[in-house]
Amino acid sequence: MEAGPQPKGSCRRVVVQPLHLKIVSRESALKLRTVTATRYVTPLREGGSLPAVIEADDDGMYVLKFRGAGQGRKALIAELVAGELARAAGLPVPEIVFVELDPELARTEPDPEIQDLIRASAGLNLALDYLPSAVTFDPLAFTPDAALASRLVWLDGFVSNVDRTARNSNLMVWCEKLWLIDHGAALYFHHQWNGYLERAASPFALIKDHVLLPFAGELAAADAAMTAALTPQVIADVVALIPDEWLEDDPLFADPAAQREAYRAYLCKRLQAPRAFFEEAVRARAQHL
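Residues numbered from 1 in each chain as written. Predicted model: local features only at pLDDT ≥ 70, side-chain atom pairs only at ≥ 80, totals over all residues. Heavy atoms only, no water.

> Is there a simple way to think about the overall build of the protein in this case?
In terms of helices and strands, the protein carries 8 helices and 8 strands. Looking at the protein as shown, the accessible area adds up to about 13,100 Å², and 54% of this sits on carbon and sulfur atoms. (Helix = DSSP H or I, 4+ residues; strand = E, 2+ residues; numbered from the N terminus. Areas by Shrake-Rupley, 256 points an atom, 1.4 Å probe, with all protein chains shown as cover.)

Okay, here's the thing in structure tokens:
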């Protein structure tokens, strides 16, 4: 990824680099860059996370997701895990970075609501690289490739992403490519940990509402490709990115490491055959024909 600013509308900043995952030790595990927010640019008054465009100390522009908004730290975990799993499978996701937010930044904002949000989010947050001049995906104006659409449907079934519908696709078209954004509503199992391993094998009935399901004509090929890419080692490395401070106290877990292990165990079990979420997607797709 290029760290410096690019001309408005440039297609050079974000680069997808699929991971082919020759990981040989924990030292070679995935890492994200950490930047510091230097300027609050403008709010994006949409979604439960109340995101905003910010400028950081690398001169880059990012869409910041606040830990003090909506579902808080759990939304950031979902964004991080689902987004980096997508990237590991070669899907187009803007660069994800950790963002340090100083509560003093609130002093320059006239809006009391924004001031409160910044102060409540002091510390480590999450952001995606800003895609200038991107437009919201419209299936009437942009026809996605069947292979890509099928992999996105598979991914959203795997991570139980409830927020990829025609009403709110969380897909952007930028530089004539489809880009995935906003996975904060995924992994909803972690809002209630009781029985989480049993629920890992459950289908995902809401896949029937997926905006790309009508285009997903290669689901069997997608299942083979995604399961080959998302190995247990990849899942472990992505889950290892979750910061300790985002893992809320829960009586089921002795410490952050134990809770992080629960995410890994859930996702690895969900990946095991037979994959009910994949079979559900196939049934839902057949009903669209």
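> How should the sheet that holds strand β2 (residues 52–56) be read in this particular structure?
Remark on secondary structure: sheet strands pair via backbone hydrogen bonds, oriented parallel or antiparallel. Taken in spatial order, the 5 strands of this closed barrel run β1-β2-β3-β5-β4, and their pairing is mixed. Strand-to-strand twist across the sheet, computed as the mean angle between neighbouring axes with direction ignored, equals 55°. Where strand β4 (residues 96–101) and strand β5 (residues 123–129) come together, 6 bridges link them in antiparallel fashion. For E100, the partnering residue across the bridge sits in β5 and is L124. (Pairing = 2+ DSSP bridges. Axes fitted to C-alpha atoms, helices over the stretch in contact; angles between N-to-C directions.)

> I would appreciate a short explanation of the pairing of β5 in the present structure.
Side-chain positions along a regular strand alternate between the two faces of the sheet. In terms of residue burial, β5 counts as a mostly covered element, since 6 of its 7 residues are buried. Strand direction decides the pairing type here: strand β3 (residues 61–65) and β5, joined by 4 bridges, are antiparallel. Following the sheet pairing, L64 is matched in β5 by A127. (Buried < 20%, exposed > 50% of the residue type's maximum accessible area, 1.4 Å probe, protein only.)

> What should I look at first to understand helix α1 (residues 73–88) in this one?
Helix length check: α1 (16 residues) gives 22 Å between terminal C-alpha atoms against 22 Å at 1.5 Å per residue, within 8%. Counting buried positions along α1 yields 15 of 16 residues, so the element is predominantly enclosed. Looking one or two places after α1, you find G90, whose phi comes out positive at around 85°. (Expected span 1.5 Å × (residues − 1).)

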